[in-house]
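Per-entry structural report
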There are 2 protein chains.
Amino acid sequence: MTSRERFLAACACRPLDRPPVWIMRQAGRYLPEYRDLKARHSFAELVRQPELAAEVTLQPLRRFALDAAILFSDILVLPEALGQGYHFREEGGIAMEFRLETRAQLDRLPLENVRDQLRYVATALRLLRRRLGDQTALLGFGGSPWTLACYMLEGGGSEDFPRARELFRADRVFFNALLEKLSVALIDYFKLQIESGVDAIQVFDTWGGLIAGPDYEAASLQWIRRIVAALPAGFPVILYGKGTAGHLAAQAASGVRVLSVDSTVDLAAAHDSLAGDAALAAQQIRVALQGNLDPALLGATPLAVRDETWRLLETMRDRPGHIFNLGHGIRPDASLECVAAMVSTVVNWKN
Amino acid sequence: MTSRERFLAACACRPLDRPPVWIMRQAGRYLPEYRDLKARHSFAELVRQPELAAEVTLQPLRRFALDAAILFSDILVLPEALGQGYHFREEGGIAMEFRLETRAQLDRLPLENVRDQLRYVATALRLLRRRLGDQTALLGFGGSPWTLACYMLEGGGSEDFPRARELFRADRVFFNALLEKLSVALIDYFKLQIESGVDAIQVFDTWGGLIAGPDYEAASLQWIRRIVAALPAGFPVILYGKGTAGHLAAQAASGVRVLSVDSTVDLAAAHDSLAGDAALAAQQIRVALQGNLDPALLGATPLAVRDETWRLLETMRDRPGHIFNLGHGIRPDASLECVAAMVSTVVNWKN
């Protein structure tokens, strides 16, 4: 069984001898070979030059027995393609070129050029598909409309992005126009990724947990549902949510195939509660779970990582539909020994 | 009915014509009169000089019809009393005097002086009790052992405090010794607050949501349970958790009387699920809920605030045991008009 087959089987909740494994942000700063490249190229070059993006994407696969490659890119390339650029501040953190404050500014962002602007992503994905062949799963990704709106309205990174929630309350018409525009752009972008050979797409609703519970549907989930409905039927979409543990059943009913959960979620309890959900059963909905080792553990000891990885694997024994991953992106200070311990524990475990 | 009676009745889940209302971090930077005082005194002076702390505590009550005063202080005065001081960095954020890294450092922190070191808190609370009389509830507070450990181990503020979770995995003996010491100190500190006249104590488990779900009991909740068990039987403890929505039933069984929930929680759904919990019912446990307007809304418009406040109030109609509050501390950029709109909407609502 190839890694790609394993990955797709897990998305389909088929029983497996062991789950596939990949790592959110697996191509990046914790790798010395990435830091070497980064010393010679800017982040923007690494993202926008297909050969470089493909090289960075493949780096972690040379080191670790990962079952999937995920394109090295950034969720903010989509706002950038719409005309709202961004950069990383010297002192850390993200700054957008401007803060989206008026409806007129929104109306000026052109939807027509998304595919053209993001052609470099398609080129990188095609390169990767050729290099990976049928052996390894290739993943695309993007931010959820809500999560992208958070950055666009705030004008950059933030501890808790208050402006998006303010706008949601104070001017729903403007809010909906923005989310609608982002959804249309994301549908275009995800179709481009699918045409370029990805096996699955992960949607990062990283800031979904900032929304007041009763507003999650209106502010975030409805837009994700629309996007999934516009993609080819059955195409595997993975929905990552941070702090959205209260919404698992609603997320499962949104059309996605996999829920990627943060480390606060008890995987077995989540699996059992979704499997026992009458409304989901009536619609014959089954979703796989992805996760959820705490990324902080990769700064502890290989022994601690091995123990906890094993515990997570055991918790999902006889619960088909598990993709092993972290509960959030890997940290730049993760130790290579800890990452190796995690991956080898998964690869050597037997269901 | 006085505000104090209203507050205590809500803690006891008794039906009321309207919930009591207070605001997490209600004494602070969003108030011009606080900023005036702050221009003449350092934060440390405002906290440590009882007359100043009492004055700052009372400022929001002169402006808004709040039912409770909460002592102006900081959760980090406890590590400070143990010998690990802190300050606010010029560029923002908290820095501890050092990072707690070894068991020897921990053993050097003296437990004996907690009461002496924190006598200024007792003096401020006695002043406040005299000034408030029986009219207004007076609240004390402290950090949970886990949340304090996060700062002590990290050496300051952090996006997600990885060191505490690393230590929990890598050296449970050291971790437990730290949490044990903090629990003993907190019991002392809370008893001092109770002797000084507080009507309730809020425990801030602000970083409880960073813990992997299955670890929440061992890393945080068990220590809170021990503290509550050491306080006078029935004394109202309010447990605030951010990102701990998955643990409401366990929190309710910990001995606290009120759960203060973040804005991601659907209040009515939480109430109903706790009321329908067979294990809690068997132990005759009923807890009140506190919350949970999104603090970001206080930067929107008074109209939006009024609508959402009303919606939250209606959602808890005929569900006794509600204390109106935010889902997290008020932001320094909150507008006074929005705060006024929130408080007056609560005060004028009728169950």
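The structure this text deals with has already been given above.
First things first, this report covers the structure right here in the doc.

Calculation rules
- Residues numbered from 1 in each chain as written.
- Chains lettered and ligands numbered in written order.
- Predicted model: local features only at pLDDT ≥ 70, side-chain atom pairs only at ≥ 80, totals over all residues.
- Heavy atoms only, no water.
- Helix = DSSP H or I, 4+ residues; strand = E, 2+ residues; numbered from the N terminus.
- Rg over C-alpha atoms; globule rule 2.2 N^0.38 Å.
- Buried < 20%, exposed > 50% of the residue type's maximum accessible area, 1.4 Å probe, protein only.
- Contact = heavy atoms within 4.5 Å.
- Areas by Shrake-Rupley, 256 points an atom, 1.4 Å probe, with all protein chains shown as cover.
- Lys, Arg positive; Asp, Glu negative; His and termini not counted.
- Charge placed at Lys NZ, Arg CZ, Asp CG, Glu CD.
- Buried area = accessible area lost by both parts, 1.4 Å probe.
- Salt bridge = Lys/Arg side-chain N within 4 Å of Asp/Glu carboxyl O.
- Polar contact = N/O pair within 3.5 Å; in protein donor to acceptor, adjacent residues only side chain to side chain.
- Nonpolar A, V, L, I, M, F, W, Y, C, P; charged D, E, K, R; others polar.
- Expected span 1.5 Å × (residues − 1).
- Pairing = 2+ DSSP bridges.
- Axes fitted to C-alpha atoms, helices over the stretch in contact; angles between N-to-C directions.
- Phe/Tyr/Trp six-rings, centres within 6.5 Å; stacked < 30°, edge-to-face > 60°.
- Lys NZ or Arg CZ within 6 Å of the ring centre and 35° of its normal.

**Points about the overall build of chain A**
- Looking only at helices and strands, chain A features 17 helices and 9 strands.
- The C-alpha atoms of chain A give 19 Å as radius of gyration, which agrees with the globular expectation for 351 residues (20 Å, within 12%).
- Each of the three principal axes of chain A carries a C-alpha extent, and together these read 55 × 55 × 35 Å.
- Burial status across chain A gives 62% buried among its 351 residues.
- Sequence separation of 24 or more characterises 77% of the internal contacts of chain A that already satisfy a separation of 6 or more.
- As presented, chain A carries roughly 13,000 Å² of accessible surface, and 50% of it is formed by carbon and sulfur atoms.
- Between the centroid of the 39 positive side chains of chain A and the centroid of its 41 negative side chains there is a distance of 3 Å.

**A short note on the interface of chain B and chain A**
- In this complex, chain B contributes 26 residues to the contact, which on the side of chain A involves 26 residues.
- Summed over both partners, the interface of chain B with chain A comes to about 2,300 Å²; 53% of that surface belongs to carbon and sulfur atoms.
- Area buried by chain B at its contact with chain A is led by Glu-166, Arg-169 and Thr-264 of chain B, which between them contribute 22% of it.
- Remark: the boundary between chain B and chain A carries 6 salt bridges.
- Salt-bridge contacts for Glu-308 of chain A lead to Arg-169 of chain B; the nearest nitrogen and oxygen are separated by 3.0 Å.
- Seen at the junction of chain B and chain A, the total is 10 residue pairs in polar contact (both at pLDDT 80 or more).
- Broken down by secondary-structure element, the contributors of at least two residues to the side of chain B that touches chain A are α10 (162-170) and α16 (302-315) of chain B.
- Here the side of chain B that touches chain A is composed, by residue class, of 11 nonpolar, 6 polar and 9 charged.

**A look at helix α8 (residues 119-132) of chain A**
Residue and element names in this part refer to chain A.
- A rise of 1.5 Å per residue sets the reference length of α8, with its 14 residues, at 20 Å; its end C-alpha atoms lie 20 Å apart and thus fit the reference within 8%.
- Those residues of α8 not exposed but buried are Tyr-120, Val-121, Ala-122, Ala-124, Leu-125, Leu-127, Leu-128, Arg-129 and Leu-132.
- Looking one or two residues beyond α8, the residue adopting positive phi is Gly-133, at roughly 55 degrees.

**Notes on the sheet that holds strand β1 (residues 68-70) of chain A**
All names here are of chain A.
- Across the sheet, which stays open at both edges, the 7 strands sit in the order β1-β4-β5-β6-β7-β8-β9 with parallel pairing between neighbours. This sheet does not close on itself; its edge strands, each paired only once, are β1 and β9 (322-326). Strand-to-strand twist of the sheet, defined as the mean angle between neighbouring strand axes without regard to direction, takes the value 25 degrees.
- In this fold helix α11 (residues 172-195) packs onto β4 (137-143) and β5 (200-205), with an angle of close to 170 degrees to the strand it touches most, β4.

**Regarding the packing of aromatic side chains**
- The full count for this structure, using the stated rule, is 22 aromatic pairs over all chains.
- With a centroid separation of 5.1 Å and 75 degrees between ring planes, the pair formed by Phe-168 of chain A and Phe-175 of chain A is classed as edge-to-face. An identical accessibility class is assigned to Phe-168 of chain A and Phe-175 of chain A; each is buried.
- Ring centres 5.1 Å apart and planes at 40 degrees place the aromatic pair Phe-161 of chain B and Trp-207 of chain B in the tilted group. Within this pair, whereas Phe-161 of chain B is found in the loop between α9 (145-154) and α10, its partner Trp-207 of chain B is found in the loop between β5 (200-205) and α12 (216-230), the two being separated by 46 residues in sequence.
- One aromatic cluster is present, built from ring pairs that chain together Tyr-34, Phe-43, Phe-72, Tyr-86 and Phe-88 of chain A.
- Above the ring of Phe-168 of chain B, the side-chain terminus of Arg-172 of chain B is found at 3.6 Å from the ring centroid.
- Positioned above the aromatic ring of Trp-223 of chain B, the side-chain terminus of Arg-226 of chain B is 4.5 Å from the ring centre.

**Structural notes on the pairing of strand β6 (residues 237-241) of chain B**
All names here are of chain B.
- With 5 of 5 residues buried, β6 is to be regarded as a mostly interior element.
- Neither face of β6 is open: one carries Val-237, Leu-239 and Gly-241, the other Ile-238 and Tyr-240, and all of them are buried.
- With 5 bridges joining them, β5 and β6 adopt parallel strand pairing. Each residue of the ladder has a partner; that of Phe-204, found in β6, is Tyr-240.

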